[in-house]
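The residues making up each chain are set out below.
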Amino acid sequence: MTKLICQRILLKLSGEALMSDVGGSIDSKIVSRLAMEIKELCDCGVQVGLVIGGGNILRGAEKASQGLDRVTGDQMGMLATVINALAMQDAIESYQQPVRVMSALKINQVCEDYIRRKAIRHLEKGRVVIFAAGTGNPFFTTDSAASLRAIEINAQLMIKATKVKGVYSADPEKDKNAQFYSRLSYDEALDQRLNVMDTTALVLCKENNMPMRVMNIFEQGAIMRLMMGEDIGSLIQ
């Protein structure tokens with residue numbers, strides 16, 4: 001069997017990745033396919049941490065722009081990520097893969113509190129760990145939460161799952177001449193404002209030497225091929 005390039009990863013999914021094109025906040029078929037791919041990674045020995053956004057249900061910043069208090073809006077957004085985390089937990093467990101949801105907000109009746117050492121222990125035992133509720137603080141995105149958790153659990157790679165091939169100089173769906181970057185530095189991503197992740201998330205990764213791979217999550221089997229050494233998407237380091 002080909003040697004894995006990473007033993008432990010942090011996968012960042014946007015909430016929108018769970019939506020179908022025809023509407024509905026959570027598409028069971030998409031969730032099931034993602035769960036199956038995560039199960040396959042675990043079967044090959046990859047330890048998987050997962051952060052899911054809540055944008056398919058609610059975005060706190062958008063609600064704040066409509067007049068809702070920003071802190072309240074962000075707290076509502078954190079709860080939306082818990083809903084997505086529970087949906088993903090159920091889907092992954094349907095493939096007989098142990099999962100733990102750990103929340104940065106105290107919500108003990110539905111999931112565990114986030115404790116770093118306990119999260120690492122879950123990973124070492126082969127359990128998928130889904131980190132919910134962002135950082136637990138307003139004004140921080142789930143991108144920042146993903147960077148923070150990747151660093152805290154000593155992940156070897158953070159994967160930012162998107163709907164496009166990787167990082168481009170502009171939105172490839174709007175600009176046909178957008179340049180694709182297979183390799184770039186964090187300084188380049190920050191200086192060129194490439195909108196890979198928010199600035200806080202990028203700076204966290206840069207300062208802690210956390211490599212990031214940006215890739216298309218809708219390309220079936222792509223994450224496994226990446227773990228086997230195939231050059232997929234864009235690498236930022």
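Just above sits the structure.
Residues numbered from 1 in each chain as written. Predicted model: local features only at pLDDT ≥ 70, side-chain atom pairs only at ≥ 80, totals over all residues. Heavy atoms only, no water.

Undergrad: Help me out: how do you make sense of the side chain of Thr-162 in this one?
TA: If you trace the backbone, Thr-162 turns up in strand 6 (residues 157-162). Of the polar contacts made by the side chain of Thr-162, one reaches the backbone oxygen of Val-164; its length is 2.9 Å. (Helix = DSSP H or I, 4+ residues; strand = E, 2+ residues; numbered from the N terminus. Polar contact = N/O pair within 3.5 Å; in protein donor to acceptor, adjacent residues only side chain to side chain.)

Undergrad: Looking at this structure, how should I read the sheet that holds strand 11 (residues 234-236)?
TA: Hydrogen bonding along the main chain pairs the strands of a sheet, whether they run parallel or antiparallel. Taken in spatial order, the 9 strands make up an open sheet running 4-3-5-2-1-6-10-11-9, and their pairing is mixed. Sheet topology places strand 4 (112-113) and strand 9 (183-184) at the edges, where each strand pairs with a single neighbour. Here strand 2 (residues 47-52) runs beside strand 5 (residues 128-132); their pairing, made up of 3 bridges, is parallel. Residue pairing across strands places Gly-49 opposite Val-129, the latter belonging to strand 5. (Pairing = 2+ DSSP bridges.)

Undergrad: What am I meant to see in the nonpolar core here?
TA: One broad rule of soluble globular proteins: the nonpolar side chains tend to lie buried together. Core analysis: the biggest nonpolar cluster contains 41 residues, and Ile-9, Leu-13, Met-88, Ile-130, Ile-159 and Met-227 have the highest contact counts within it. Of all the secondary structure elements, the ones that give two or more residues to this core are strand 1 (8-13), helix 1 (28-43), strand 2, helix 3 (70-93), strand 3 (99-103), strand 5, strand 6 and helix 8 (222-227). Take this core: its biggest share by element is 7 residues, from helix 1. Not counting residues up to four positions away in its chain, the partners in contact with Met-227 are Lys-3, Leu-4, Ile-5, Cys-6, Ile-9, Leu-41, Val-46, Leu-157 and Ile-159. (Core = buried A, V, L, I, M, F, W, Y, C linked by side-chain atoms within 4.5 Å. Buried < 20%, exposed > 50% of the residue type's maximum accessible area, 1.4 Å probe, protein only. Contact = heavy atoms within 4.5 Å.)

Undergrad: Sorry if this is basic, but what is going on with the packing of helix 5 (residues 142-152) against helix 7 (residues 199-207) here?
TA: Any two packed helices are characterised by the angle at which their axes cross and by the distance between the axes. In the contact formed by helix 5 and helix 7, the axes pass within 7 Å of each other and the chain directions differ by 15 degrees. Taken together, the axis directions place helix 5 and helix 7 in an arrangement best described as roughly parallel. Handedness of the helix 5/helix 7 crossing: left-handed. Residues Asp-143, Ser-144, Ser-147, Leu-148 and Ile-151 of helix 5 lie in contact with helix 7, whose contacting residues are Thr-200, Ala-201, Leu-204 and Cys-205. For the contact of helix 5 with helix 7, a count of residues per class yields 5 nonpolar, 3 polar and 1 charged. (Axes fitted to C-alpha atoms, helices over the stretch in contact; angles between N-to-C directions. Parallel < 35°, antiparallel > 145°, perpendicular 65-115°, else oblique. Left-handed = near helix turned anticlockwise from the far one by under 90°. Nonpolar A, V, L, I, M, F, W, Y, C, P; charged D, E, K, R; others polar.)

Undergrad: What exactly am I supposed to notice about the layout of surface pockets here?
TA: With a probe scaled to a water molecule rolled over the atoms, the places where space remains empty come into view. Each pocket or cavity is described by its volume, and for the largest pocket that value is around 1300 Å³. Lys-12, Ser-14, Arg-59, Asp-143 and Lys-160 are the residues nearest the centre of the largest pocket, which is lined by 48 residues in total. When contributions to the lining of the largest pocket are tallied by element, the ones reaching two or more residues are helix 2 (60-65), helix 3, helix 5, strand 6 and strand 7 (167-168). Of the residues forming the lining of the largest pocket, the biggest block, 5 residues, is contributed by helix 3. The residue makeup of the lining of the largest pocket, split by class, is 18 nonpolar, 17 polar and 13 charged. (1 Å grid on protein atoms, 1.4 Å probe; cavity = no way out; pocket = protein on both sides within 12 Å on 5 of 7 lines; lining within 4 Å. Points joined across faces, edges and corners; volume = space filled by probe spheres on them.)

Undergrad: When you look at helix 1 in this model, what are you seeing that I'm missing?
TA: Along an α-helix, residues three or four apart share an orientation, since each turn contains 3.6 residues. Over its 16 residues, helix 1 extends 22 Å from the first C-alpha to the last, a length consistent with the 22 Å expected when each residue adds 1.5 Å. Taken as a whole, helix 1 has its buried residues at Ile-30, Val-31, Arg-33, Leu-34, Ala-35, Glu-37, Ile-38, Lys-39, Leu-41 and Cys-42. Buried residues along helix 1 sit in contact with strand 1, strand 2, helix 3, strand 5 and helix 8. After helix 1 finishes, the residue Gly-45 shows a positive phi value of roughly 100 degrees. (Expected span 1.5 Å × (residues − 1).)

Undergrad: Help me out: how do you make sense of helix 3 in this one?
TA: The first and last C-alpha atoms of helix 3 sit 35 Å apart over 24 residues, in line with the 34 Å expected at 1.5 Å per residue. A side-chain oxygen of the first residue of helix 3 lies 3.2 Å from the backbone nitrogen of Val-71; this N-cap is Asp-69.

Undergrad: I tried to follow empty space enclosed by the protein on my own but got confused; where do I start?
TA: Here the structure, examined in full by the defined rule, presents 2 cavities of 30 Å³ or more. Volume-wise, the largest cavity comes out at about 50 Å³. Lining the largest cavity are Leu-11, Leu-13, Leu-34, Glu-37, Ile-38, Leu-41, Ile-217 and Ile-223. Among the elements of the structure, strand 1 and helix 1 are those that each provide at least two residues to the lining of the largest cavity.

Undergrad: In this structure, what is going on with a nonpolar patch on the surface? I would like to understand it.
TA: Where nonpolar side chains cluster on the molecular surface, the patch consists of Ile-26, Ile-57 and Ile-83 and spans about 220 Å² of accessible area. Within the fold, Ile-57 resides in the loop between strand 2 and helix 2. (Patch = residues over 30% accessible without salt bridge, like charges linked within 9 Å, V, L, I, M, F, W, Y side chains within 5 Å. Areas by Shrake-Rupley, 256 points an atom, 1.4 Å probe, with all protein chains shown as cover. Salt bridge = Lys/Arg side-chain N within 4 Å of Asp/Glu carboxyl O.)

Undergrad: Even after reading the chapter, I still don't get the pattern of salt bridges, so can you show me in this structure?
TA: Note on pairing: side chains with opposite charge can pair once their charged atoms come close. Tallying each qualifying case throughout the model produces 15 salt bridges. Close ionic contact of Arg-149 with Glu-152 constitutes a salt bridge, the shortest N to O distance being 2.8 Å. Of this pair, Arg-149 and Glu-152 both sit in helix 5, separated by 3 residues, roughly a single helical turn. Close ionic contact of Arg-213 with Asp-231 constitutes a salt bridge, the shortest N to O distance being 2.9 Å. Placement of Arg-213 in strand 10 (residues 212-216) and of Asp-231 in the loop between helix 8 and strand 11 is noted, with a sequence separation of 18 residues between them. A cluster of three or more residues bridged by salt bridges with shared partners is formed by Lys-12, Asp-143 and Lys-160.

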